[in-house]
Number of protein chains: 2
Amino acid sequence: MPDTPPPAKTRAPGRRASITVHDVARLAGVSAITVSRALNTPAQVSAETLQRVRDAVQRTGYVPNLLAGGLRSSKSRLVAAVVPTLAGPVFLETIEALTAALAERGYQLMLGQSGYADSREDALLDAIIGRRPDGIVLTGVMHTPDARQRLLACGIPVVETWDLTPTPIDMLVGFSHKRIGEEVCEYLHRKGCRRPVLISGDDARARRRHEGFVRAAARLGMTGATATVPTWWVPAPAKLPGGREGLTRLLAEHPGLDGVFCSSDLLALGVLTEAQARGLSVPRDFAVVGMGDLDFAASLHPALTTVRIDGTRIGRTSAAFIVDRAEGRAVAEPVVDIGFALVERHSA
Amino acid sequence: MPDTPPPAKTRAPGRRASITVHDVARLAGVSAITVSRALNTPAQVSAETLQRVRDAVQRTGYVPNLLAGGLRSSKSRLVAAVVPTLAGPVFLETIEALTAALAERGYQLMLGQSGYADSREDALLDAIIGRRPDGIVLTGVMHTPDARQRLLACGIPVVETWDLTPTPIDMLVGFSHKRIGEEVCEYLHRKGCRRPVLISGDDARARRRHEGFVRAAARLGMTGATATVPTWWVPAPAKLPGGREGLTRLLAEHPGLDGVFCSSDLLALGVLTEAQARGLSVPRDFAVVGMGDLDFAASLHPALTTVRIDGTRIGRTSAAFIVDRAEGRAVAEPVVDIGFALVERHSA
DNA sequence: ATGAAAGCGCTAACAC
DNA sequence: GTGTTAGCGCTTTCAT
């Protein structure tokens, strides 16, 4: 037996002490730091020692306490992601890819929901910064100046996603919502649409697409005398019933409408459903364009024309950015516009 | 000025030191521990001191390092959740409720994806246990004996969800998938269905519903000579196209089918879509029952008859269980069957 | 109501 | 290649 038994230390009453590096070290007949090296930088340890340490780890069932390691090395290997909500399945693909890409590199995702209101953002930010994550991924750009300020101050790498801004906090992986609005409008115009209407969730990004659409419509002479496009707004997150109701209302006031751009595929599914229920035929009676290319879009009847965003790429790119930064590598091109694709199917 | 300037300590080269309790304490003219108490247990601190500390916190922009606190107090205020995947929107409601309920109480969610294969579960478990979370929420019950063993050994409170088992690791919030299969079958039988078919994702829980359905069908004499129910299996996570293809295939082999039970509302949407594309009428030509009552189910045309699971309640209950345990309160009834509800709409 | 000392479990820095 | 020492930032314990 090497030396002194472990001294009785401060210890929470009920809980049994868990196994530490020292326990493993004693069993392997080496020092604690050698165990640490064997696990983190095995190249620095002789083959024989390595084997002994691994055996000891196996026998004890030791799992390193990453909180303690993180505290000392100021690397938490934790990345925070903030989404407005999980309920609209829009960000799912991004979160899924992010989680997977981070896990591959030994990082773990912490999830926070900000809601669509700014108010909770502040408390959430405290909770996040308090864990000293190695990075923060925001869906959408950060709005309140206060929050921006704190994010800037704490020095944690930040990736804003799903949007573009001339003034990013740090890194950015996004695309132009205004351009989407414009391109969809131009597309509908080419298809012969002259009386478009909009059904839109009222979150910041959908409003930008709306703006782009209306502007293009005015330019193309699709707005009539009012210089605007009839719009039905639904509270975010937009869901199917909003689409059904939107179509009903818009049809009542604008029976001649010949195209609908929805701010989400879910709304578009609602429109398709309502049309079907009314015996209307899409695209013969009017065109429908969705947004998001959610997984059901291609399989609907008619297959939905929509705007595809590569959510997986957003997630993966964000993960790469954060990890590069965390490991001291510079990110060459920290602001990326990943664009979008108008996917032509049969609904328009 | 109180006393000695802070000694130059070990410090990572590039990074600026962040503000600590000591900085705040010095500014407020108190000791570090008093700052800690002012923030965590304000009742123990005099009103005047409290004010001084709060001012100092404000002025410095101090955000406590929860990793450090967690290390000392062995309370990480972190809860891990494991889902097979985020892609099927089935667990979304649970994760959303869980995140929200935890945030309310000052806990944060860590998300892990296990995939539907058991292989990654082990690595994921290490990553999770390494962070010493105050609790682990599993969607589905834990299968591999190895994983069960480690979970049991590490002493972290565990909630298994979305399923029932006679041998839970610890706590459980679920419902009986077999009963769902049976009840749906009985329901279809009452509605006059005699030639049912199944479209099912091939994950463990869907298979249990399948089993329940087949058993009830046999009992009710709905299976013909084969004592089984024609089934189209789709790989998990089940999506809409699987429903379309499933109906196509089943219709080809069993043109007399008069009812379809789908293991997910997404599959049911596929079935409805395919039926519509073929000019078939639901429920006149055959009945369709989904599973999950996803948010679009009620608004489809025809409105989808389905099985409702209260995912929000699962999330909230799990959060409450974990927090109670973490804060030393016993959970009176740690195994809960929350049941399910067959929601009758128009598709059956 | 407040403080001093100790140490949670790990790893950076510096020996050897 | 391996060990010693110290300390990450906080909170527990014990004293006043």
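Each value, and the rule that gives it
Residues numbered from 1 in each chain as written. Chains lettered and ligands numbered in written order. Predicted model: local features only at pLDDT ≥ 70, side-chain atom pairs only at ≥ 80, totals over all residues. Heavy atoms only, no water. UniProt positions renumbered as here; feature names shortened; annotations may be inferred. Helix = DSSP H or I, 4+ residues; strand = E, 2+ residues; numbered from the N terminus. Pairing = 2+ DSSP bridges. Axes fitted to C-alpha atoms, helices over the stretch in contact; angles between N-to-C directions. Expected span 1.5 Å × (residues − 1). Buried < 20%, exposed > 50% of the residue type's maximum accessible area, 1.4 Å probe, protein only. Contact = heavy atoms within 4.5 Å. Right-handed = clockwise from strand over helix to strand, strands pointing away.

Enquirer: Explanation requested: the UniProt feature "domain: HTH lacI-type" (unreviewed entry) in chain A in the structure shown.
Expert: Residues annotated in UniProt with the feature "domain: HTH lacI-type" (unreviewed entry) correspond here to residues 19-73 of chain A. Across residues 19-73 of chain A, the secondary structure splits into 71% helix and 0% strand, with the terminal C-alpha atoms separated by 20 Å.

Enquirer: What is the right way to look at the sheet that holds strand 9 (residues 287-289) of chain B in this model?
Expert: Strands pair in a sheet through their backbones, by hydrogen bonds, and they do so in one of two ways: parallel or antiparallel. All names here are of chain B. Read across the open sheet, the four strands follow the order 7-6-8-9; overall the sheet is parallel. Two strands lie at the open edges of the sheet, namely strand 7 (231-234) and strand 9, each paired on one side alone. Neighbour-to-neighbour, the strand axes of this sheet turn through a mean angle of 15 degrees, independent of strand direction. Sheet topology places strand 6 (residues 196-201) next to strand 7; four bridges connect them, and they run parallel. Looking across to strand 7, one finds that leucine 198 is bridged to threonine 231.

Enquirer: Help me understand helix 12 (residues 311-326) of chain B, please; the structure alone is not making it clear to me.
Expert: Because an α-helix completes one turn every 3.6 residues, residues spaced three or four positions apart along the sequence face the same direction. Residue and element names in this part refer to chain B. Here helix 12 spans 23 Å end to end across 16 residues, near enough to the 22 Å set by a 1.5 Å rise per residue. For helix 12, the full list of buried residues reads Gly311, Ile314, Gly315, Thr317, Ser318, Ala319, Phe321, Ile322, Val323 and Ala326. Its buried side turned inward, helix 12 meets strand 1 (78-83), helix 5 (92-104), strand 3 (135-139), strand 4 (158-161), strand 5 (171-174) and strand 11 (335-337). Among the residues trailing helix 12, glycine 328 stands out with phi positive, at a value near 85 degrees.

Enquirer: Any chance you could explain the pairing of strand 8 (residues 259-262) of chain B here in plain terms?
Expert: Within a regular strand, the side chains alternate between the two sheet faces. Residues and elements named next belong to chain B. Side-chain alternation along strand 8 places Gly259 and Phe261 on one buried face and Val260 and Cys262 on a second face that is also buried. Bridge count between strand 8 and strand 9: three bridges; the pairing is parallel. Of the residues in strand 9, the one forming a bridge with glycine 259 is alanine 287. With helix 11 (residues 265-277) bridging strand 8 and the parallel strand 9, this β-α-β connection has right-handed handedness.

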